[in-house]
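Observations on chain architecture
Residue strings, one per chain:
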Amino acid sequence: MKSGITLTILTLIILRFRQIVGITATTSTERIAVAGYGSEIHNITTPDGYVVSLFRLKNSTQGPTASSSAPVVLLMHGLLCSSDLWILKGLKSHLAYDLMDKGYDVWLGNCRGNTYGQNHVSLTASDRLFWRFSWHEIALNDLPSTIDYILKETGQASLHYVGHSQGCTILFVLLSMRPEYNQKLRTAHMLAPVAYMKNVRSLLFNALKLFLGNYSPLSALIGDTALLQQPILQYMFGIYQCRRQQLPLETCASIYYFIFGGRSAYFRDSALQDAYDSSPAPASSHQIIHYLQLIASGYFRQYDYGPEGNMQQYNQSSPPEYKVANIKTRFPLHLYYSDYDELSTKTDVEKFSRILGGHKTVSHFIPLKNFAHIDFIWAYNVGEVINEPILKIMNEAEEILKREP
């Protein structure tokens, strides 16, 4: 009798967890429409079979998209996010719309596995093999496929790029391993860039580093799964409750800061609900494991499969470092960082800048107290602190390019 009651209780608990549905209350298309703009959806297929959706903004009052001569901008999100990151409801300013209003042809990118990258030509998201990738594969497959598709669609030879967090990492990897893509970039703006990570201050990442910072069988076991998408984990972290407004606003804000890189003094509560509706978006657990390996090693290098696996993969016992000396863009990389970002620290960003060489980067240090990881996109003052400088730099670059033969 007791076993029957226990089974019933366990069944009810499981059913309760299964009530957790998709994380997106509204799509990127709907968010853009609410803001008064139009959009197009473009699907691309990567060389290894993932199908990813891109969103192209257009002025709904004029109908068609930007003219073929309009300079193109690609915005790329970070880990556990999607294109929704750039168009969150409840914000005072959005870089995507600011660029659109100034005449730029704006595209919002996505990566395999996230909300808009759940399809594959032969796999489903329920297959473990579907999740067998890190941001390394995103950098060498998704990003070049995205860039090439946009340039072909627009008839342009190059584009401007804005990345946040992982969106910076994948560009660094692409340019390091396929340097021909340097020529396909105009200006590149790295918001909270992540490469070297030895000085990460995040309590969550440093705790996980103890278990997953060095390769073990646990890495393979956990890696082939969707990160933070298991109902029990969402409940334990409070994500489930915060999406349903079952916890105090301050508690939910603290949980979000804990996961996403530090407490912000500039993020407004009006956007918190949509932040939870759009993230944490699905990603492979290998992506965070790869980052944890960077924290543990202090290097910016490829995925560590352990000595035996590395010999099979790389023909050497340790992973090769990325050849960042190959990064040679037409204009210097612009690095935007602060001293209160727990994931992209001032020390690590400035190390990356020194390694690249002063002439290859321009530093934009944000000297504001408690300007955290999410503030580079979502701060109430992001218009003046981030967006205006980016627009100014892009406009200046366009003027230079116009004068060239």
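Provided above is the structure to which this section pertains.
Being a predicted model, the structure only gives us computed values, none of them experimental.

**Topic: the pattern of salt bridges**
- All chains considered together, the criterion is met by 16 salt bridges.
- A salt bridge links Asp274 to Arg31; its shortest N-O distance comes to 2.8 Å. Of this pair, Asp274 sits in helix H11 (residues 272-278) while Arg31 is found in helix H2 (residues 28-34), placing the two residues 243 residues apart along the sequence. With respect to burial, Asp274 and Arg31 carry one shared label: buried.
- Across the pair Arg56 and Glu40 runs a salt bridge whose closest N-O atoms are separated by 3.8 Å. Residue Arg56 is found in strand E2 (residues 50-58), and its partner Glu40 is found in strand E1 (residues 38-45); the two are separated by 16 residues along the sequence.
- On the basis of relative accessibility, which here comes to 7%, the residue Arg56 falls in the buried class.

**Observations concerning the pairing of strand E8 (residues 333-338)**
- Burial of E8 is extensive: six of the six residues sit out of reach of the surface.
- The alternating pattern of E8 places Leu333, Leu335 and Tyr337 and His334, Tyr336 and Ser338 on opposite faces, both of which are buried.
- In the sheet, E8 pairs with strand E9 (residues 361-366) via six bridges, with the strands oriented parallel. Pairing of Leu333 across the sheet is with Thr361, part of E9.
- After leaving E8, the chain enters helix H14 (residues 346-356) and then returns to the sheet as E9, a path that is right-handed.

What counts and what doesn't
- Residues numbered from 1 in each chain as written.
- Predicted model: local features only at pLDDT ≥ 70, side-chain atom pairs only at ≥ 80, totals over all residues.
- Heavy atoms only, no water.
- Salt bridge = Lys/Arg side-chain N within 4 Å of Asp/Glu carboxyl O.
- Helix = DSSP H or I, 4+ residues; strand = E, 2+ residues; numbered from the N terminus.
- Buried < 20%, exposed > 50% of the residue type's maximum accessible area, 1.4 Å probe, protein only.
- Pairing = 2+ DSSP bridges.
- Right-handed = clockwise from strand over helix to strand, strands pointing away.

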